[in-house]
Amino acid sequence: MRTIARLLTGTAVSVAAIGVFTAPLAHAGDFETLEVYPSSASPGTTVTVNTTACGKHGRGVGDANSLGAGEFQLNPSTHKEVVVGQFTVPQHTKPGTYGISVACDNGKTARGDLTVKHRPPSGHVPTGVGGSIGPDTAQVTAGAAVLAAAAVGGAWLLRRRASGAQGH
């Protein structure tokens, strides 16, 4: 009798465990697609999202807190049954993939991913010396004059020393 009780208890626990693990899988399909454009962006970029999950003339609230952009509104667009929203990727956002979600007024949700990447620097680098902007004529002339004066002064001192003319 004790063996049958253990067998039934073990079976009941196994069925319950399988139910617990498969329940989230049933809800995973409840999310609709959230289109994210561009799907890969740099900090400072404005990102547009849209979905049909909210229905015709629907509205919703988007959540971009995962990357620090906060919440944003979704409103009907000119396209049939599509809602659209925008947010800007904060400057401090680190590279990586971030989940963006939307909760519609009709109770449906949608999810999508945004990949944040950093763009390489462009233009000249402000180092304070030289640079790739181009030469300044006045600075080049002043530099050449200083070098010429140093060369003339150095030649004069060497010639004076070589002739033995030293002032006492």
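Scroll up for the structure.
Residues numbered from 1 in each chain as written. Predicted model: local features only at pLDDT ≥ 70, side-chain atom pairs only at ≥ 80, totals over all residues. Heavy atoms only, no water.

**Focus on the overall build of the protein chain**
Piece 1. Regarding its fold elements, the protein chain presents two helices and nine strands.
Piece 2. Buried positions account for 20% of the 168 residues belonging to the protein chain.
Piece 3. Only carbon and sulfur atoms are counted for the fraction: they give 60% of the accessible area of the protein chain, which is about 12200 Å². (Helix = DSSP H or I, 4+ residues; strand = E, 2+ residues; numbered from the N terminus. Buried < 20%, exposed > 50% of the residue type's maximum accessible area, 1.4 Å probe, protein only. Areas by Shrake-Rupley, 256 points an atom, 1.4 Å probe, with all protein chains shown as cover.)

**Points about unusual backbone geometry**
Piece 1. The omega angle of the peptide bond from Tyr37 to Pro38 is -10°, so this bond is cis rather than trans.
Piece 2. Along the chain, Pro38 turns up in the loop between strand S2 (35–37) and strand S3 (40–41).
Piece 3. A positive phi angle, close to 60°, is found at His57, a residue other than glycine.
Piece 4. Tracing the sequence through the fold places His57 in the loop between strand S4 (46–51) and strand S5 (60–63).
Piece 5. Looking at His57, the relative accessible area reads 64%, which means it is exposed.

**Quick look at the side chain of Thr93**
Piece 1. When you line up the elements, Thr93 lands in the loop between strand S7 (83–88) and strand S8 (96–104).
Piece 2. Side-chain polar atoms of Thr93 contact the backbone oxygen of Leu67, separated by 3.2 Å.
Piece 3. With residues near it in sequence (within four places) discarded, Thr93 still touches Pro43, Leu67, Tyr98, Val116 and His118. (Polar contact = N/O pair within 3.5 Å; in protein donor to acceptor, adjacent residues only side chain to side chain. Contact = heavy atoms within 4.5 Å.)

**Examining the packing of aromatic side chains**
Aromatic ring pairs are reported here in terms of the distance separating the ring centres and the angle at which the planes meet.
Piece 1. Using the criterion set out here, one finds one aromatic pair in the structure.
Piece 2. Ring plane angle 35° and centroid distance 5.0 Å describe the contact between Phe72 and Phe87, whose orientation is recorded as tilted. Highlighted residues: Phe72 in strand S6 (residues 71–76) and Phe87 in strand S7, separated in sequence by 15 residues.
Piece 3. The class of Phe87 is buried, set by a relative accessible area of 5%. (Phe/Tyr/Trp six-rings, centres within 6.5 Å; stacked < 30°, edge-to-face > 60°.)

**Re the nonpolar core**
Piece 1. Ranked by internal contacts, the top residues of the largest apolar core, which has 21 residues, are Val47, Val49, Phe87, Ile100 and Leu114.
Piece 2. Looking at this core, the elements with two or more residues in it are S4, S6, S7, S8 and strand S9 (109–116).
Piece 3. With four residues, S8 is the largest single contributor of residues to this core.
Piece 4. Residues in contact with Phe87, not counting those within four places in the same chain, are Thr45, Thr46, Val47, Val49, Ala64, Leu67, Ala69, Phe72, Ile100 and Leu114. (Core = buried A, V, L, I, M, F, W, Y, C linked by side-chain atoms within 4.5 Å.)

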